[in-house]
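# Chains, contacts and geometry: an overview
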There are 2 protein chains.
Amino acid sequence: MTTLKDIARLAGVSTATVSRIINGKGEAGLDTIRKVNKIVAEMGYKPNTVAKTLSRRESSLIALLIPNLNNPFFSELVGEIERAANQHGFQIYLCNSEDDREKVEYYLETMADNYVMGAIINSLFVTVEDLRWLESRGISTITIDRTQLAHPYSAVAVDHVHGGYIAAKEVIGERHHQRLVFLSGPANEKSSEDRYAGYLKAVKEADAVNLGQLFGNFDITSGYQACYDFLQDGTIIDGIVSSNDAMALGAIRACQDLQRQVPKDIRIIGYDNTSYGAYSIPRLSTINQFKKKSSDIIIEELIRVHQHNQKAKKYQMEPELITRETT
Amino acid sequence: MTTLKDIARLAGVSTATVSRIINGKGEAGLDTIRKVNKIVAEMGYKPNTVAKTLSRRESSLIALLIPNLNNPFFSELVGEIERAANQHGFQIYLCNSEDDREKVEYYLETMADNYVMGAIINSLFVTVEDLRWLESRGISTITIDRTQLAHPYSAVAVDHVHGGYIAAKEVIGERHHQRLVFLSGPANEKSSEDRYAGYLKAVKEADAVNLGQLFGNFDITSGYQACYDFLQDGTIIDGIVSSNDAMALGAIRACQDLQRQVPKDIRIIGYDNTSYGAYSIPRLSTINQFKKKSSDIIIEELIRVHQHNQKAKKYQMEPELITRETT
DNA sequence: GCGTATTCAGAAATCGATTGCAAGTTTTAT
DNA sequence: ATAAAACTTGCAATCGATTTCTGAATACGC
């Protein structure tokens with residue numbers, strides 16, 4: 001492999017000069033620049049990433065900490081973030097926490113070890129102290145959605161209160177005295193609680209009855225279980241507002257198994273707008289979260305804060321109702 | 001941060017000695033070992049990953065090249081591989097190629113740049129030359145499934161011919177003169193073609209009629225489209241054998257939209273055993289691929305070949321039929 | 001023409017490890 | 001007791017960049 005040294009030797013200058021020219025830093029004579037650039041091009045020289053990382057104490061990786069990949073919301077998000085990061089010359093360091101504090105700690109450490117430029121955090125098990133620790137290691141952070149944190153760093157979140165509100169309104173429609181349940185994520189999960197707050201507001205406004213929350217962990221099996229257990233004894237309800245699509249899909253299946261028709265007997269709405277909901281039977285109504293747009297914002301925010309040393313911002317995305325067949 | 005130098009100074013020995021002790025390499029006096037270890041523990045010293053990578057020209061990353069994350073087969077696989085890699089102290093460098101040759105090239109380069117220890121390859125756009133190039137850069141490779149390559153490196157694959165065979169047999173059952181179509185992945189996709197071969201064998205044995213292949217790209221939308229277009233004009237078929245679960249789910253939805261009952265009019269089987277198929281309406285019969293076991297094998301094979309310099313092996317996994325409601 | 005400001009470019013330290021070589025010390029064999 | 005073998009350990013080079021400091025060369029003002 002060609003190294004900086006080789007280029008320097010061939011151009012008859014020092015490595016310092018070559019480095020400066022390549023990075024467009026500081027000064028250099030016009031003809032020196034031309035000569036060096038020519039040789040760089042001829043040799044197809046590319047700086048060694050690892051050496052660069054070591055000496056700058058910063059890599060071109062962005063850490064992405066998520067609880068799992070089974071939930072299509074996350075897998076789709078990872079894809080979008082990867083794309084957005086790529087456009088700015090960054091790669092993804094995937095950290096799959098499985099909602100396990102030990103794995104979270106492991107990954108926080110390896111993020112620092114690898115001098116990642118920034119970290120995108122989505123985990124129930126990351127504390128404000130963790131974010132501070134990352135900051136102390138020169139790592140910018142941004143939390144996305146589904147976190148329960150109040151912190152001074154960057155954040156992108158959908159307006160979940162509003163999302164829960166429009167979801168519940170869609171399920172209720174013009175009807176009166178509707179009996180509803182809220183299919184929630186893990187207890188203490190902030191975004192889920194926000195949606196629940198919006199749901200409660202809609203319930204109140206519409207003179208409906210809230211039969212409480214069912215708790216799941218965002219995956220399809222947990223949604224199925226929670227609904228099946230709840231409906232098994234014949235409890236009559238009119239609608240289910242779910243905290244995500246996967247659990248809603250599980251809920252549909254549970255209704256089917258218990259001979260409740262969707263949407264005739266029970267109307268159901270999901271949250272996230274993942275591709276599986278678009279082709280389920282019946283097609284799932286849901287709330288869209290603009291994953292693509294959020295991803296661009298996330299990456300740009302990280303770069304903005306890190307490179308230009310500007311202060312962190314909070315972003316709020318407006319959720320959007322997508323009506324399909326389950327409501 | 002504590003560095004090797006600090007430890008060396010505190011222990012009153014050279015960095016060389018500390019390095020040797022930490023890595024269990026070569027020789028060291030028993031009391032020196034004890035002393036150094038004590039100080040290492042006291043200071044909570046952890047070697048700098050990047051420096052180590054630079055000097056050893058090998059990192060603790062394993063590259064994972066996949067076409068996308070939308071297909072749950074991949075997202076579930078990524079999760080399993082990540083888990084398996086972690087157990088051996090490796091992390092994942094996620095390379096999402098989007099089946100785009102340019103992105104593949106980009107990632108092959110960055111793999112080398114980052115001195116990844118090994119690469120797990122699943123892409124239609126990687127050539128044998130690419131694998132050779134990786135080898136020349138000291139990167140062990142293993143291809144998984146869905147590749148069209150004959151190469152001398154490691155590989156894990158399900159016996160897709162057999163998988164296609166048992167899938168088709170399940171759809172056909174004991175019936176005669178069945179009219180079937182095969183819902184395929186992209187043309188030239190080896191594993192899909194293998195399954196097709198197995199399918200053809202079963203068709204022949206059972207005296208059934210093959211109406212040909214429909215092509216998709218493994219995502220749910222493409223499965224829906226392909227089936228919808230094919231069935232729209234009233235063509236009568238008895239069964240669909242799909243190359244993956246996502247497309248099968250799309251196919252179910254297409255049948256529903258065209259008033260064909262599943263499994264009464266048309267029986268459908270998927271492939272991969274992803275979680276969405278377990279809760280669809282009707283529940284999807286499928287072929288299981290042992291993602292977890294494969295993931296362990298993949299990581300262990302990479303380590304075996306790389307660290308112990310042993311020759312590459314090929315692994316064949318036997319597929320397993322999972323009967324649910326669509327057949 | 002001379003002092004000063006500005007450019008340009010190199011030497012050398014640094015980032016934080018690993019490792020080949022050689023020297024010094026201890027063991028073992030005879 | 002002594003030569004040879006086997007351990008321990010340190011020096012210094014290396015991995016491949018970045019960056020501070022400094023000196024030389026050039027430009028500029030008057």
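Residues numbered from 1 in each chain as written. Chains lettered and ligands numbered in written order. Predicted model: local features only at pLDDT ≥ 70, side-chain atom pairs only at ≥ 80, totals over all residues. Heavy atoms only, no water.

For chain A, an unreviewed UniProt entry supplies the name Sucrose operon repressor and the organism Schleiferilactobacillus perolens DSM 12744.

## Looking at the overall build of chain A
The criterion, for reference: Note on conventions: DSSP H or I runs of at least 4 residues are helices, E runs of at least 2 residues are strands, and numbering of each starts at the N terminus. We take the radius of gyration over the C-alpha atoms and set the globule estimate at 2.2 Å times the residue count to the 0.38 power. Three exposure classes are used, based on accessible area relative to the maximum for each residue type with a 1.4 Å probe and protein chains only: buried under 20%, partly exposed in between, and exposed over 50%. For this analysis, residues touch if any pair of their heavy atoms sits within 4.5 Å. All accessible areas in this document rest on Shrake-Rupley with a 1.4 Å probe, and a residue is counted as covered only by the protein chains that are shown. Neither His nor the chain ends contribute to the count of charged residues, in which Lys and Arg are positive and Asp and Glu negative. By convention, charge coordinates are those of NZ in Lys, CZ in Arg, CG in Asp, or CD in Glu.
Along its length, chain A carries 13 helices and twelve strands. Taking 20 Å as the expected radius of gyration for a compact globule of 327 residues, we find that chain A reaches 25 Å, considerably beyond that expectation. In chain A, buried positions account for 58% of the 327 residues. In chain A, the share of contacts with a sequence separation of at least 24, taken over all contacts with a separation of at least 6, comes to 70%. Carbon and sulfur atoms make up 50% of the accessible area of chain A, which totals about 13,600 Å². On chain A, the mean spot of the 37 positive side-chain charges and the mean spot of the 41 negative ones are 8 Å from each other.

## Quick word on the sheet that holds strand E6 (residues 179-184) of chain A
Residue and element names in this part refer to chain A. What counts here: The pairing criterion for strands is at least two bridges between them, as found by DSSP. For helices, the fitted line uses only the C-alpha atoms of the stretch in contact; every axis is such a line through C-alpha atoms, and the angle between N-to-C directions lies from 0 to 180 degrees.
Spatially, four strands are ordered E7-E6-E8-E9 in an open sheet, and the strand pairing comes out parallel. Each edge of the open sheet carries a strand with a single partner, namely strand E7 (209-215) and strand E9 (267-269). Pairs of neighbouring strands in the sheet enclose a mean axial angle of 20°, with direction left out of account.

## A few points about the nonpolar core
Selection criterion: Residues belong to a common nonpolar core when they are buried Ala, Val, Leu, Ile, Met, Phe, Trp, Tyr or Cys residues joined through side-chain atoms within 4.5 Å.
Among the nonpolar cores identified, the biggest contains 86 residues, and Ile62 and Ile120 of chain A together with Ile62 and Ile120 of chain B are the most heavily contacted of them. Beyond its immediate sequence surroundings of up to four residues, isoleucine 62 of chain A is in contact with Ala85, Phe90, Gln91, Ile92, Tyr93, Met117, Gly118, Ile120, Ile299 and Leu302 of chain A. If you look at the next biggest cluster of nonpolar residues, it comprises 56 residues, including Ile240 and Ile281 of chain A together with Ile240 and Ile252 of chain B.

## A word on helix H1 (residues 4-11) of chain A
Residues and elements named next belong to chain A. Residues of H1 that are buried include every one of Asp6, Ile7, Ala8 and Ala11, and no others. Those residues of H1 that are buried lie in contact with helix H2 (15-22) and helix H3 (30-43). Trailing H1 by a residue or two, glycine 12 shows a phi angle of about 70°, which is positive.

## Quick look at the interface of chain B and chain A
Heads up, the rule is: Here the quantity called buried area is the accessible surface, traced with a 1.4 Å probe, that two parts lose on coming together, added over both. Salt bridge, as used here, is a side-chain nitrogen of Lys or Arg placed within 4 Å of a carboxyl oxygen of Asp or Glu. Distance and chemistry together define a polar contact, namely a pair of N or O atoms within 3.5 Å, with one atom able to donate a hydrogen and the other to accept it when in protein, and with adjacent residues in sequence counting only for side-chain atoms on both sides. As a working rule, the residues Ala, Val, Leu, Ile, Met, Phe, Trp, Tyr, Cys and Pro are called nonpolar, Asp, Glu, Lys and Arg charged, and the rest polar, with Gly in that last group.
If you look at the interface, chain B gives 53 residues, while chain A gives 53 residues. In total, about 4,600 Å² of surface goes out of reach between chain B and chain A, with carbon and sulfur atoms giving 55% of it. Together, Tyr276, Tyr279 and Ile281 of chain B form the three largest contributors to the area buried by chain B at its contact with chain A, with a combined 18%. Between the two partners, chain B and chain A, sit ten salt bridges. Linking chain B with chain A are 25 residue pairs in polar contact (both at pLDDT 80 or more). Elements with a minimum of two residues in the side of chain B that touches chain A: helix H4 (49-56), helix H5 (72-87), strand E2 (91-96), helix H6 (101-113), helix H10 (220-231), helix H11 (245-257) and helix H12 (275-278) of chain B. Looking at which element gives the most residues to the side of chain B that touches chain A, the answer is H5 of chain B, with eight residues. For the side of chain B that touches chain A, a count of residues per class yields 24 nonpolar, 16 polar and 13 charged.

## What to know about the layout of surface pockets
Take a probe with the size of a water molecule and roll it over the atoms, and the empty space left behind shows itself. Residues and elements named next belong to chain A. Note the following rule: Only protein atoms enter the 1 Å grid used here. Points where a 1.4 Å probe fits but cannot escape make up a cavity, open sets with protein on both sides within 12 Å along at least five of seven lines make up a pocket, and a residue lines them when an atom lies within 4 Å of a point. Grid points are joined across faces, edges and corners, and a volume is the space filled by probe spheres set on the points.
Reported here for the largest pocket is a volume of approximately 690 Å³. If you trace the largest pocket, you find 24 residues lining it, with Tyr45, Lys46, Pro47, Asn48 and Thr49 closest to the centre. The leading source of residues in the lining of the largest pocket is helix H4 (residues 49-56), at five residues.

## Overview of the protein's contact with DNA strand D
Basically, it comes down to this: Residues are labelled near a given molecule or strand when at least one of their non-hydrogen atoms is within 4 Å of it.
Ser19 and Asn48 of chain A together with Arg20, Gly29 and Thr32 of chain B are the nearest of the 27 residues found near DNA strand D. Considering the 4 Å shell around the protein, atoms of DNA strand D inside it are sugar or phosphate in 68% of instances. Within the contact set of DNA strand D, a phosphate oxygen lies 2.8 Å away from a backbone nitrogen or oxygen of serine 14 of chain B. Those elements giving two or more residues to the surface near DNA strand D turn out to be H2 and H4 of chain A together with helix H2 (15-22) and H4 of chain B. For the surface near DNA strand D, the element with the highest residue contribution is H4 of chain A, accounting for four residues. Here the surface near DNA strand D is composed, by residue class, of nine nonpolar, eleven polar and seven charged.

## Topic: the protein's contact with DNA strand C
Close to DNA strand C lie 27 residues; Arg20, Gly29 and Thr32 of chain A together with Ser19 and Asn48 of chain B are nearest. Backbone sugar and phosphate groups make up 68% of those atoms of DNA strand C lying within 4 Å of the protein. A distance of 2.5 Å separates a phosphate oxygen of DNA strand C from a polar backbone atom of glycine 29 of chain A. Elements with a contribution of two residues or more to the surface near DNA strand C: H2 and H4 of chain A together with H2 and H4 of chain B. A total of four residues in the surface near DNA strand C trace back to one element, the largest contributor, which is H4 of chain B.

## Things to note about the packing of aromatic side chains
Applied cut-off: Aromatic rings from Phe, Tyr and Trp, taking only the six-membered ring of Trp, are treated as a pair when their centres fall within 6.5 Å; an angle between ring planes under 30 degrees marks them as stacked, one over 60 as edge-to-face, and anything in between as tilted.
Applying the stated criterion across every chain yields a total of 17 aromatic pairs over all chains. Aromatic side chains phenylalanine 182 of chain A and tyrosine 199 of chain A sit 5.1 Å apart centroid to centroid with 55° between the ring planes, which places their arrangement in the tilted category. Within this pair, whereas phenylalanine 182 of chain A is found in strand E6, its partner tyrosine 199 of chain A is found in helix H9 (residues 190-205), the two being separated by 17 residues in sequence. The exposure classification of phenylalanine 182 of chain A matches that of tyrosine 199 of chain A, with both residues buried. Aromatic side chains phenylalanine 182 of chain B and tyrosine 196 of chain B sit 5.1 Å apart centroid to centroid with 50° between the ring planes, which places their arrangement in the tilted category.

## Focus: the domain arrangement of chain A
A common way to express how large an interface is: the accessible area buried when the components associate. How we decide: An automatic or database domain assignment is the source of the domain bounds shown.
Taken domain by domain, chain A consists of domain 1 (4-47), domain 2 (61-158 + 290-317) and domain 3 (160-288). Look at where the C-alpha atoms of domain 1 of chain A and domain 2 of chain A centre, and you get two points 35 Å apart.

## Some points on the relation of the copies chain B and chain A
We count it as follows: The fit set for superposing copies consists of C-alpha atoms from residues with pLDDT of at least 70 in both; the fit itself is least squares.
Overlaying chain B with chain A gives an RMSD of 0.1 Å, the required rotation being 180° about an axis along which the chain moves by 0.0 Å. On this basis, the relationship between the two copies can be described by a two-fold rotation axis. Comparing interface residues between copies, 100% of those in chain B also sit at the interface in chain A, which points to an isologous, same-surface contact.

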